[in-house]
Amino acid sequence: MTVKPDEHFMRVALKEAKKGIGRTSPNPAVGAVIVSDGNIISKGYHKKAGMPHAEINAINGAKKSLFGTTIYVTLEPCNHTGKTPPCTQAIIENGISRVVVGMKDPNPLVSGSGIDCLRQKGIIVDSGILEKKCRDINRPFIKFITHGLPWVIMKAGVSLDGRLNYQKGQSGWITGEQSVREVHKLRDQVDAILVGRGTVEIDNPSLTTRLAGKKTEDPVRIVVDSELSLPLSSKVLHLDSKAPTWIFCRDGLSSERKAQYEKPGVRIFQVPGMGDGLDLKKIMTILGRENICSVLVEGGGKLHSSFLRERIYDYAHIFHAPVLAGDRGVSLLDGYSVTDRSRSPGLSDVRYKRLGDDMMVSGQLVYS
């Protein structure tokens, strides 16, 4: 099948954009490609919030005049001054004659203004090229900029009979090494990891990103601990990491108890209680205010159930290992039930990835 030139070059721009995933928050990941007479003369991507945007990096990387060229960009060029000047201005000043846009800026305050500005200057603008793919790589940003809330991802590794481990109260790997590496890739792409106190007590995880041979960044570590009873020896409280550890506990706890945990790199947030846990939606609101655009929730079973019950999950990555763990292990869901398939949450746009003997099932959560 013949690929249309615009789609071909937008795919190249998407490849550039993906280089920034996990590094640009709270900004989107954006890629740009400049083309002259059917040939790519420059590429660029947004590397980090506060640094030049993709269009500027592509323009600065060109070694020839850009007059009459076409620029492909995965997201509508900005038309406002923030930490950097507007990209529309640079496009106009450099004589670029055509702009091909993957998707409009989802920010309701600016959506479409960049395209309108360019067209008013006589520049040809075509929009919506591979729009779904452009939206897919920026789902966290889209939710954050339109709702002020993070994109929340369910992650779990389970046996064929739906167990997270082999013995309740004991740590025990279910999935294989390739799945573990894939999890660290996911961690490298999100702003924060969230777990419950029980997971920390049982596994004592570092909740860091570790990928051999690759420069990674640790996400913010979040622990939901209603009574603030996390063991003071927990690794998450004693890590040499640029990323902080945040603990969410209920209102009304004594200042003496909080003082035991307050130290450089650790923050305590108090939120209202809900049932025998915390108000998870309030936690998400606070994370949004803190510019957390994406959260990877790594369990355990009670926490997964609470997130599903509150319909907070947006996406899921479930790693299935070809083993049977038996009835002594902890179930993937603890405290969540449905009566039949019609009332069960499911996944849409489902994707499957083989990881050694394991299978990763991914998709967007759909609630009945």
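Right above here is the structure, for reference.
What this report covers is the structure whose coordinates are included nearby. Since the structure is predicted, the reported quantities are computational estimates derived from the model, not experimental observations.

1. Description of unusual backbone geometry
P26 follows S25 through a cis peptide bond whose omega is 5 degrees. Positionally, P26 belongs in the loop between α1 (5–18) and β1 (31–36). One non-glycine residue, L130, lies in positive phi territory at about 50 degrees. Considering the arrangement of structural elements, one finds L130 in the loop between β5 (124–127) and α5 (131–136). Despite not being glycine, N204 shows a phi value in the positive range, around 45 degrees. Topologically, N204 is positioned in the loop between α8 (197–203) and β8 (220–224). The exposure class of N204 is partly exposed, given its relative accessible area of 27%.

2. Re a nonpolar patch on the surface
Taken together, the side chains of L347, V350 and Y352 present a nonpolar region at the surface, about 280 Å² in accessible area. Examined against the element boundaries, Y352 turns out to sit in strand β15 (residues 346–355). Of the residues examined, Y352 reaches a relative accessible area of 61% and is grouped as exposed.

3. Observations concerning the sheet that holds β5
The strand order across the open sheet formed by five strands is β2-β1-β3-β4-β5, and the pairing between neighbours is mixed. A strand with exactly one partner marks an edge of an open sheet, and here the two such strands are β2 (39–45) and β5. Shown here is a sheet whose adjacent strand axes are inclined to one another by a mean of 15 degrees, direction ignored. Relative to strand β3 (residues 70–75), α1 is tilted by about 55 degrees, and along the sheet it contacts β1, β2, β3 and β4 (98–103).

4. Comments concerning helix α6 (residues 139–147)
Buried residues of α6: R139, F141, I142, K143 and F144, and no others. Buried residues along α6 sit against β4, α5, β6 (151–158), α10 (280–289), β14 (315–320) and β16 (358–366). Downstream of α6 by one or two residues, G148 has phi in the positive range, about 70 degrees.

5. Focus: helix α11 (residues 301–309)
For α11, the full list of buried residues reads G301, L303, H304, S305, F307 and L308. Buried residues in α11 make contact with β6, β7 (192–196), β8, α10, β13 (294–297) and β16. Within two residues after α11, R311 carries a phi angle of roughly 55 degrees, on the positive side.

6. Some thoughts on the nonpolar core
Membership of the largest hydrophobic core comes to 39 residues, with the highest contact counts inside it found for M10, I59, I71, Y72, I91, V99 and V125. Elements with a contribution of two residues or more to this core: α1, β1, α2 (54–61), β3, α3 (87–93), β4 and α4 (113–120). With six residues, the single largest contributor to this core is α1. Not counting residues within four places of it along the chain, the set of residues in contact with V125 comprises V99, V101, I115, L118 and R119. If you look at the next biggest cluster of nonpolar residues, it comprises 31 residues, including V152, M154, V224 and F248.

7. As for the packing of aromatic side chains
A full pass over the atoms with the stated rule returns five aromatic pairs. Centre to centre, the rings of W246 and F269 are 5.3 Å apart; their planes meet at 55 degrees, and the pair counts as tilted. Here W246 is found in strand β9 (residues 245–250), whereas its partner F269 is found in strand β10 (residues 266–271), with 23 residues between them in sequence. Judged by its relative accessible area of 5%, W246 is buried. Its end group placed over the ring of W246, R267 keeps NZ or CZ at 5.3 Å from the ring centre.

8. What to know about the pairing of β5
Relative to β5, β4 runs parallel, the two sharing four bridges. If you follow V101 over to β5, its bridge partner there is S127. Chirality of the crossover, the property in question, places the unit of β4, α4 and β5 among those that are right-handed.

9. Side note on the environment of L118
Considering the arrangement of structural elements, one finds L118 in helix α4. A relative accessible area of 0% places L118 in the buried class. A sequence separation of 41 residues divides L118 from P77, and the C-alpha atoms of the two residues are 9.1 Å apart. Setting aside residues no more than four positions away along its own chain, L118 makes contact with P77, T88, I91, I92, V99, I123 and V125.

10. Observations regarding the side chain of D6
You can see D6 is positioned in helix α1. A polar contact of 2.7 Å, which involves the side chain of D6, links it to the side chain of Y72. Within the local environment of D6, its side chain forms a polar contact with the side chain of R98, the two groups lying 2.7 Å apart. Those residues within four positions of D6 in sequence are excluded, and the remaining contacts are Y72, R98, V100 and I129.

Analysis parameters
Along each chain, residues carry numbers from 1 onward, in the same order as the chain's sequence is written. With pLDDT at 70 or above as the cut-off, local features in this predicted model cover only qualifying residues; side-chain atom pairs require 80 or more to be listed or tallied, and sums for whole chains, interfaces and linings still use all residues. Values shown for side chains rest on all heavy atoms present in the structure; no hydrogens or waters enter the calculation. Labels follow the DSSP assignment, with helices taken as runs of H or I lasting at least four residues and strands as runs of E lasting at least two, numbered in each case from the N terminus. Exposure is judged per residue with a 1.4 Å probe applied to protein chains only, and the accessible area is read against the type maximum: over 50% gives exposed, under 20% gives buried, and values in between give partly exposed. Here, patches come from residues exposed beyond 30% relative accessible area and free of salt bridges, joined within 9 Å for like charges and within 5 Å for nonpolar side chains (Val, Leu, Ile, Met, Phe, Trp, Tyr). Methods summary: accessible areas were calculated by the Shrake-Rupley approach with a probe of 1.4 Å, and residue burial reflects only the protein chains presented. Only one rule defines a salt bridge in this text: a Lys or Arg side-chain nitrogen within 4 Å of an Asp or Glu carboxyl oxygen. Whether two strands pair comes down to DSSP finding at least two bridges between them. Interaxial angle, 0 to 180 degrees, is taken between N-to-C directions of lines fitted to C-alpha atoms, where a helix line uses only the stretch in contact. Whether two residues are in contact is decided by their heavy atoms: any pair within 4.5 Å suffices. Here, nonpolar core means buried Ala, Val, Leu, Ile, Met, Phe, Trp, Tyr and Cys residues that are tied together by side-chain atoms lying within 4.5 Å of each other. When two rings of Phe, Tyr or Trp (its six-membered ring) have centres within 6.5 Å they constitute a pair, described as stacked for plane angles under 30 degrees, edge-to-face for angles over 60, and tilted for the intermediate range. Charges are assigned to positions over rings by a cutoff of 6 Å between ring centre and Lys NZ or Arg CZ, combined with an angular limit of 35 degrees from the ring normal. Orienting the strands away from the viewer, one traces the path from the first strand over the helix to the second; a clockwise path indicates a right-handed crossover. The definition of a polar contact used here is a pair of N or O atoms within 3.5 Å, where within protein one atom must be able to donate a hydrogen and the other to accept one, and adjacent residues in sequence count solely through side-chain atom pairs.

Functional significance is not addressed by these values, which are geometric in nature.
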